[in-house]
Amino acid sequence: MKNVTFFKYQGTGNDFVMIDNRTEFFPKKNVELIEKLCDRRFGIGGDGLILLENDATADFKMVYYNADGNESTMCGNGGRCIVSFAHFLGIFSKDTTFNAIDGLHHATINENGIVALQMIDVVKDTIKKDTEFTFLFTGSPHHVAMVNDIQNFNVFENGKNIRYSDQYKPGGTNVNFVEQLSNNSFKIRTYERGVEDETLSCGTGATAVAIAMNSLGKTAANKITIQVQGGDVQVTFDQNEEKYYNVMLTGAAKQVFKGEISID
Ligand SMILES: N[C@@H](CCC[C@H](N)C(=O)O)C(=O)O
């Protein structure tokens with residue numbers, strides 16, 4: 001048995017177990033252990049687990065696991081939370097660059113703990129537009145569909161059906177349902193792959209929705225407020241004929257508590 005110090009973070013209600021793994025002590029291949037640490041009854045509880053590690057070319061590296069214990073693609077809210085954690089650890093003071101599965105990310109943190117995180121560029125040709133939905137990759141795959149009366153919409157059942165549908169096999173996708181609130185604001189609810197449930201917020205999902213809505217002509221704005229179940233995030237971007245770039249996801253990221261847990 002070994003005692004492991006962990007921190008709990010949340011970004012608009014998307015919550016993560018955060019571990020400083022710069023000494024590389026953590027058993028990264030132990031899927032069952034990661035799943036158990038994320039379990040809300042048998043473990044700490046979280047939508048995912050994130051390791052902060054040393055990196056040869058950047059200030060630090062982010063390694064992200066979904067609550068099912070498997071390493072996955074980019075997590076936007078997790079990215080904002082690990083920036084806050086790195087700031088707490090004294091790794092940087094105002095701005096940082098870190099490595100993640102989808103490449104380098106630049107980020108800043110202000111005195112109120114608001115983190116602005118640069119997301120990957122989205123090439124316009126890669127955005128798939130269907131009559132019923134839009135599909136795009138913002139570090140993670142996202143299906144985006146507009147619905148009416150989103151608050152009463154069955155996100156779990158509809159999200160699960162789309163996530164496991166033949167068109168997304170074998171990898172699956174995250175699924176976002178969207179309702180337009182104003183010229184430049186949208187309310188979204190997201191079913192997350194790897195959590196296999198609705199989460200209170202998804203950062204790559206909010207980013208995908210903002211870009212999809214601009215791409216569909218639902219908004220001409222390049223500063224878009226996305227209301228998620230756990231609060232608000234802002235997505236800003238520039239664009240040219242080829243792509244969306246300078247894509248920034250901005251919102252609060254907070255340390256909730258620190259603890260110690262025994263692992264085998
Ligand atoms: N919560 C995340 C997305 C995490 C990855 C996702 N579940 C997947 O496996 O694709 C976010 O904030 O972006």
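These figures come from a predicted structure and were not determined experimentally.

1. Overview of the UniProt feature "binding site: substrate" (unreviewed entry) in the chain
The UniProt entry lists Asn14, Asn66, Gly76, Asn77, Asn174, Glu192, Arg193, Gly203 and Thr204 under the feature "binding site: substrate" (unreviewed entry), expressed in the numbering used here. Topologically, Asn14 is positioned in strand E2 (residues 14-20). For Asn14, a relative accessible area of 1% translates into the label buried. Leaving out residues up to four positions away in the same chain, Asn14 has contacts with Tyr9, Asp47, Cys75, Asn77, Glu192, Thr199, Ser201 and Cys202. With a relative accessible area of 2%, Gly203 lands in the buried category.

2. Some words on the pattern of salt bridges
For the structure on display, the rule yields 10 salt bridges. Across the salt bridge formed by Asp47 and Arg40, the nearest N and O atoms sit 3.0 Å from each other. The shortest N-O distance in the salt bridge between Lys243 and Asp121 comes to 3.1 Å. One end of the pair, Lys243, is in strand E17 (residues 243-252); the other, Asp121, is in the loop between strand E7 (114-118) and strand E8 (122-123), with 122 residues separating them in the sequence. The partly exposed category is assigned to Lys243, whose relative accessible area is 22%. Each of Lys8, Asp15, Arg40 and Asp47 takes part in one network of salt bridges that share partners.

Calculation notes
Residues numbered from 1 in each chain as written. Predicted model: local features only at pLDDT ≥ 70, side-chain atom pairs only at ≥ 80, totals over all residues. Heavy atoms only, no water. UniProt positions renumbered as here; feature names shortened; annotations may be inferred. Helix = DSSP H or I, 4+ residues; strand = E, 2+ residues; numbered from the N terminus. Buried < 20%, exposed > 50% of the residue type's maximum accessible area, 1.4 Å probe, protein only. Contact = heavy atoms within 4.5 Å. Salt bridge = Lys/Arg side-chain N within 4 Å of Asp/Glu carboxyl O.

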